[in-house]
Amino acid sequence: MKSEVKLLGAWPSPFAMRARVALNIKSVEYEFLEERLEAKSQLLLQSNPIFNKIPVLIHRDKPLSESLIIVQYVDEVWSSASPILPSDPYDRAIARFWGAYIDEKWYPTMRSIRGAEGQDEKKKLIEEVKEGLALLEDVFKNSSKGKPFYGGDQIGFLDIALGGFLGWLRVTEIANGVKLLDQGNTPELVKWAERFCAHGAVKDVMPETGKLIEFAKTLKR
């Protein structure tokens, strides 16, 4: 039987992982189509002709791209199961704001560490990533209201937005001999990361750190 939900992605992709976690939270059955980053499929090029990038969700033959847009779509279409976005309009807007911060400022900074020219630039970038995590620690305290996740009792939008990068955060820590998440700077996020990675919707799609390290060696700076 042809699946009405397909996801084009790749196992190392933090963006594809976001979509997979959202689908898992909603208990949606889907077909995962693994893309080879060095040779993109015709289906991917046809489904996302603007950016030619993963992930792409195909639902009833209609394609949708950009990971956080996919997460919001999944939340709206399968609305009867655990909500991902907050119900309050202001809280929903705040979650989207910090999702944009993660994608547009925090993650690009962490990604830049790998190609930093010289120790001074690398040190500066590492400090900026730590400062960003300290901000996100404060956001966690405000959003979770003492509960396990940004979304409260259950994984929510910001959990998915930040959690998708935890594997690559670990790779960055190991490659540079630093701790980005640590008890001194971000004690709540340290505990949150453990809970997130152990969650039933996450644990089977979170890449193994060792495999990610090997994959990172194949990437250009």
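The structure presented is a predicted model; accordingly, all values stated were derived computationally and were not measured.

A. Geometry of the overall build of the chain. Along the backbone of the chain there are nine helices and four strands. Secondary structure of the chain in N-to-C order comes out as β-α-β-α-β-β-α-α-α-α-α-α-α. A compact globule built from 221 residues would reach a C-alpha radius of gyration of about 17 Å, and the chain, at 17 Å, matches this within 12%. Each principal axis of the C-alpha distribution contributes one length, and for the chain these read about 55 × 40 × 30 Å. Within the chain, the fraction of its 221 residues that count as buried is 46%. Of the contacts made within the chain by residues no fewer than 6 positions apart, 65% connect residues no fewer than 24 positions apart. Carbon and sulfur atoms make up 52% of the accessible area of the chain, which amounts to about 11,800 Å² in all. A distance of 2 Å separates the average location of the 31 positive side-chain charges in the chain from that of its 31 negative side-chain charges.

B. Structural detail: helix 1 (residues 14-25). Over its twelve residues, helix 1 extends 16 Å from the first C-alpha to the last, a length consistent with the 16 Å expected when each residue adds 1.5 Å. With ten of twelve residues buried, helix 1 is to be regarded as a mostly interior element. Just downstream of helix 1 lies S27, where phi reads positive at about 55 degrees.

C. Quick peek at the nonpolar core. One finds L23, I102, W106, L133, L136, Y150 and W192 to be the most contacted residues of the largest nonpolar core, which totals 61 residues. Discounting chain neighbours no more than four positions away, the residues touching Y150 are L136, V139, F140, S143, S144, L158, D159, L162, L189 and W192. L8, A10, L44 and I54 belong to the second-largest nonpolar core, a separate cluster that totals six residues.

D. Representation of the layout of surface pockets in the model. Of the volumes computed, that of the largest pocket is approximately 1,500 Å³. As for the largest pocket, its lining consists of 50 residues, of which P14, Y107, R111, W168 and L219 are closest to the centre. Looking at the lining of the largest pocket, the elements that each hand over two or more residues are helix 1, helix 3 (67-77), helix 4 (89-112), helix 7 (166-176) and helix 9 (209-216). Top element by residues in the lining of the largest pocket is helix 4. It accounts for eight residues. Its residues placed into classes, the lining of the largest pocket shows 24 nonpolar, ten polar and 16 charged. Space inside the second largest pocket adds up to approximately 470 Å³. P86, D91, S143, Y150 and G151 are the residues nearest the centre of the second largest pocket, which is lined by 24 residues in total. Counting only elements with at least two residues in the lining of the second largest pocket, the list comes to helix 4, helix 5 (119-144) and helix 6 (157-163).

E. Summary view of the sheet that holds strand 2 (residues 31-34). Spatially, four strands are ordered 2-1-3-4 in an open sheet, and the strand pairing comes out mixed. The open sheet is flanked by strand 2 and strand 4 (62-65), the only strands paired with a single partner. Within the sheet, the average angular offset between the axes of one strand and its neighbour, ignoring direction, is 20 degrees. Sheet analysis places strand 1 (residues 5-9) next to strand 3 (residues 56-59), joined by four bridges and oriented antiparallel. What sits directly across from K6, in strand 3, is I58. Sheet strands touched by helix 1: strand 1, strand 2 and strand 3. Its angle to strand 1, the strand with the most contacts, is close to 155 degrees.

F. Structural detail: helix 3. Along helix 3, the residues that are buried comprise S67, L68, I70, V71, Q72, V74 and D75. Elements that come into contact with the buried residues of helix 3 comprise helix 1, strand 3, strand 4, helix 4 and helix 6.

Criteria and thresholds
Residues numbered from 1 in each chain as written. Predicted model: local features only at pLDDT ≥ 70, side-chain atom pairs only at ≥ 80, totals over all residues. Heavy atoms only, no water. Helix = DSSP H or I, 4+ residues; strand = E, 2+ residues; numbered from the N terminus. Rg over C-alpha atoms; globule rule 2.2 N^0.38 Å. Buried < 20%, exposed > 50% of the residue type's maximum accessible area, 1.4 Å probe, protein only. Contact = heavy atoms within 4.5 Å. Areas by Shrake-Rupley, 256 points an atom, 1.4 Å probe, with all protein chains shown as cover. Lys, Arg positive; Asp, Glu negative; His and termini not counted. Charge placed at Lys NZ, Arg CZ, Asp CG, Glu CD. Expected span 1.5 Å × (residues − 1). Core = buried A, V, L, I, M, F, W, Y, C linked by side-chain atoms within 4.5 Å. 1 Å grid on protein atoms, 1.4 Å probe; cavity = no way out; pocket = protein on both sides within 12 Å on 5 of 7 lines; lining within 4 Å. Points joined across faces, edges and corners; volume = space filled by probe spheres on them. Nonpolar A, V, L, I, M, F, W, Y, C, P; charged D, E, K, R; others polar. Pairing = 2+ DSSP bridges. Axes fitted to C-alpha atoms, helices over the stretch in contact; angles between N-to-C directions.

Nothing here speaks to function; it is geometry throughout.
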